[in-house]
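# Secondary and tertiary structure notes
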Amino acid sequence: MALQGSEEMGEPVEEPEDLDDQDAAALLPWDRFSAWLHCICVVGFDLELGQAVEVIYPHHSKLSEKEKISICYLSFPDSNSGCLGDTQFCFRFRQGSNRKSSQGCFLETADRDAPPCLKREQGHYYGYVYFRQVRDKSLKRGYFQKSLVLISKLPYVTFFHCLLKIMAPEYFEKQEPCLEAACNDIDRWPTPHPGRILTLPIMGVVIKVRIPTCYDKPGTSQLVQSAQGDSLVSIVLPTIHEVDLFRCFHPVFFHIQMLWELVLLGEALVVMAPSPAESSDTVLALVSCISPLRYCSDFRPYFTIHDSEFKEYTTRTQAPPSVILGVTNPFFAKTLQHWPHIIRIGDMKQTGEPAKQMKVKKLKNLKTLDSKPGVYTAYKPYLNKDEEIIKQLQKGVQQKRPSAAQNAILRRYFLELTQSFIIPLERYVASLMPLQKSISPWKSPPQLRPFNQQDFMKTLEKAGPQLTSRLKGDWIGLYRCFLKSPNFDGWFRSRRKEMTQKLEALHLEALCEEDLQQRIQKHTEVEAVDLVLKLKDKLTQAEREQLPLQPGTLAKLRSHIEAVIQALPEDLQGILHKPPTL
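Calculation criteria
Residues numbered from 1 in each chain as written. Predicted model: local features only at pLDDT ≥ 70, side-chain atom pairs only at ≥ 80, totals over all residues. Heavy atoms only, no water. Helix = DSSP H or I, 4+ residues; strand = E, 2+ residues; numbered from the N terminus. Buried < 20%, exposed > 50% of the residue type's maximum accessible area, 1.4 Å probe, protein only. Contact = heavy atoms within 4.5 Å. Areas by Shrake-Rupley, 256 points an atom, 1.4 Å probe, with all protein chains shown as cover. Salt bridge = Lys/Arg side-chain N within 4 Å of Asp/Glu carboxyl O. Expected span 1.5 Å × (residues − 1). Core = buried A, V, L, I, M, F, W, Y, C linked by side-chain atoms within 4.5 Å. Domains from an automatic or database assignment. Axes fitted to C-alpha atoms, helices over the stretch in contact; angles between N-to-C directions. Parallel < 35°, antiparallel > 145°, perpendicular 65-115°, else oblique. Left-handed = near helix turned anticlockwise from the far one by under 90°. Nonpolar A, V, L, I, M, F, W, Y, C, P; charged D, E, K, R; others polar. Pairing = 2+ DSSP bridges. Lys, Arg positive; Asp, Glu negative; His and termini not counted. Polar contact = N/O pair within 3.5 Å; in protein donor to acceptor, adjacent residues only side chain to side chain.

Attention shifts here to the overall build of the protein chain. Regarding its fold elements, the protein chain presents 20 helices and 13 strands. Going through the 582 residues of the protein chain one by one, you find that 52% of them count as buried. Once local pairs closer than 6 in sequence are excluded, the contacts in the protein chain between residues at least 24 apart make up 74%. Counting every atom, the protein chain has about 28,300 Å² of accessible surface; 52% of that belongs to carbon and sulfur.

Quick look at the pattern of salt bridges now. Counting across every chain of the model gives 24 salt bridges. Glutamate 309 is the salt-bridge partner of arginine 94, the closest N and O atoms lying 3.4 Å from each other. Linking arginine 94 in strand β3 (residues 85-94) with glutamate 309 in the loop between β10 (298-300) and α10 (310-314), this pair joins segments that are 215 residues apart in sequence. In this structure arginine 94 comes out as partly exposed when scored by relative accessible area, which is 33%. Of the residues examined, glutamate 309 reaches a relative accessible area of 3% and is grouped as buried. A salt bridge links arginine 94 to glutamate 312; the shortest N-O distance between them is 3.2 Å. Placement of the pair is arginine 94 in strand β3 and glutamate 312 in helix α10, with a sequence separation of 218 residues.

Between its terminal C-alpha atoms helix α5 (residues 157-174) stretches 25 Å, which fits the 26 Å expected from 18 residues at 1.5 Å a residue. Along α5, the positions that sit buried rather than exposed are Val157, Phe159, Phe160, His161, Cys162, Leu163, Leu164, Ile166, Met167, Ala168, Tyr171 and Phe172. Looking one or two residues past α5, glutamine 175 carries a phi angle of roughly 65°, positive in sign.

Core analysis: the largest hydrophobic core is formed by 109 residues, its most contacted members being Trp36 and Phe159. A total of 11 residues in this core trace back to one element, the largest contributor, which is α5. Residue contributions to this core reach at least three from each of two domains, namely domain 1 (31-98 + 106-189) and domain 2 (247-492).

The subject of this paragraph is the packing of helix α8 (residues 256-264) against helix α13 (residues 403-430). Across the interface, α8 lies against α13 with an axial gap of 12 Å and an inter-helix angle of 50°. In terms of their interaxial angle, α8 and α13 are classed as oblique. Between α8 and α13 lies a crossing whose hand is right-handed. Packed against α8, whose contacting residues are Ile256, Gln257, Trp260 and Leu264, the element α13 presents Leu410, Tyr413, Phe414, Leu417, Thr418 and Phe421 at the interface. Considering only residue class, the contact of α8 with α13 consists of 8 nonpolar, 2 polar and no charged.

Now for the sheet that holds β10. Taken together, 5 strands build an open sheet; the order of strands is β10-β11-β9-β12-β13 and the sheet is mixed. Of all the strands in the sheet, just β10 and β13 (374-377) have a single pairing partner and so form its edges. The mean inter-strand angle of the sheet, taken between neighbouring strand axes irrespective of direction, is 15°. Lying on the sheet, α8 is in contact with β9 (269-272), β11 (323-327), β12 (341-344) and β13; it crosses β13 at an angle near 50°.

We now examine helix α9 (residues 276-288). Counted at 1.5 Å a residue, the expected span for α9 with its 13 residues is 18 Å, and the 18 Å between its end C-alpha atoms agrees. With respect to burial, α9 is a largely interior element, 12 of its 13 residues being buried. Every buried residue of α9 is listed here: Pro276, Ala277, Glu278, Ser279, Ser280, Asp281, Thr282, Val283, Leu284, Ala285, Leu286 and Val287.

Attention shifts here to the environment of arginine 558. In this structure, arginine 558 sits in helix α19 (residues 553-566). Arginine 558 gets classed as partly exposed once you look at its relative accessible area, which sits at 40%. Once the C-alpha coordinates of arginine 558 and leucine 535 are considered, the two residues, 23 residues apart in sequence, prove to be 8.7 Å apart. The contact partners of arginine 558, leaving out residues within four places of it in the chain, are Leu539 and Glu543.

Before going further, it helps to examine the sheet that holds β3. Where strands meet in a sheet, backbone hydrogen bonds hold them as pairs that are either parallel or antiparallel. With antiparallel pairing, 5 strands are arranged side by side in an open sheet as β2-β1-β5-β4-β3. Every interior strand has two partners, whereas the edge strands, β2 (50-57) and β3, have only one. Recorded for the sheet is a direction-independent mean angle of 25° between the axes of neighbouring strands. Sheet analysis places strand β4 (residues 124-135) next to strand β5 (residues 143-152), joined by 10 bridges and oriented antiparallel. Across the sheet, the residue bridging to valine 129 is valine 149, located in β5. Against the sheet, helix α6 (residues 176-186) engages β1 (39-46), β2 and β5, with an angle of about 50° to β2.

Moving on: unusual backbone geometry. Each neighbour pair has its own omega, and for tyrosine 57 with proline 58 the value is -15°, a cis peptide bond. Secondary-structure assignment places proline 58 in the loop between β2 and α3 (65-74). At the junction of serine 291 and proline 292, the peptide bond is cis and its omega measures out at 10° in the coordinates. With respect to the element layout, proline 292 can be found in the loop between α9 and β10.

To continue, consider the side chain of glutamate 261. With respect to the helices, strands and loops of the structure, glutamate 261 is situated in helix α8. Lacking a salt bridge, the buried glutamate 261 has lysine 385 as its closest oppositely charged neighbour, with an N-O distance of 11 Å. A distance of 2.9 Å separates a polar side-chain atom of glutamate 261 from the backbone nitrogen of tyrosine 382. Excluding residues within four positions of it along the chain, glutamate 261 makes contact with Tyr379, Pro381, Tyr382, Leu383 and Leu478.

See the structure below:
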């Protein structure tokens, strides 16, 4: 993850051609649909069976029995939530088995250009739910209860909730034929490649979105309503994934800085909320508050006692895992009371009222889900409290500042706090990169120097977060704790992979600048064949890993390989031109 200001930002790289032009013929039916969704489920309530998956679209979609059970229980609010009418929320669950996609190459390309928080999930699915519960005297239970659920690997929460607002009311009125029509619409959409502005028709409505890229300036939206050409667009979404931070944190906003630290350090957190909508929004807000850092631990926006990980996550025989859980069932107030950090969220509708000053509450005071809203923890923050942001938000509430403006202020605050924290790490890790002059085309690419915690800590005295943040406190202690966390491990693995690929790319570019034909004249045929095989391996690696190469590098490498082959005897040419056997 390169933050704004990195030297790598403006570099042109070898871009794949537009999938829609290049590979349209290679795409199979439902491939475009699969780039957005795994499937669509309808979950109903049966008096004898309980919750059950009634329909899966497309019909060929595969879900294991374990996955179906997870979807069933997570698609309905707990009975105590009392959700009458329509409710939207999301959940996340483990993928049961590895399934290969027919668009592997495209998905890798899309992920390469996506911001860390928008990369496709590897071992989990998201479920986006539209639940309807209305009185119906003709039914034995007296209520109609049904959920329309979109299952996807993509964390585009705002986009999929918008999509459900269009699809679900139509489905509840017209039933299955309208689901089939919606799936056919989605299968004609362009694939979700970062950086593109897409117009997506669905059931007579056209949504316009832009998928962000990792090269965007953090905190900005590059999608604006244009005066021309938008006459057919019904909905313009400025964001595909961001939740309203201020609305989510309003019940506990005196502690936003402490919550940022807890999420940054990967601490075990549970959110107790009155409904799945408030639970899932709050968990997603917590996960996104350290953006542009990716939250690398597990998180469950809505978690129930029926979840397959329930025993694993609630056991008292070991310390709570690094996970954020969102729950609504009062049973959890007892089951999770040994957890170190508990956030109790009240009704979020009261964001127009000034919040009351709240102290951090002791865990022993949390006995039931009816406990007052607040943060229950013994945690002592490393950084001094930032009173300025609290005053700014409080003033906004008093002056009835629009919620969107309050959200923007809070998002900017978290972004600047995270950047102040991560820039010294970025600067130090960049210094581990070997000098470009040490790259020789005829030697293996040089290795990155290892991360040394003591060396990094020494850099903080002169180039620490104090250069960009007004906050005082124990920054050193915060870094020490962060370096042991899953978030650091995930961030550093990602940066190391990017830098290693950069070294591979520079090595390949240096190789392409050499006069290979002149070089092979001084070598034997065996050495020339060995060179061709090594160059072919380099070409395969560059294509497989989508190396960040200068434009034209791969074409130059192919011509070099061909020129060396042409200089060899005909029998060897025939052998080297044969495609490799799998």
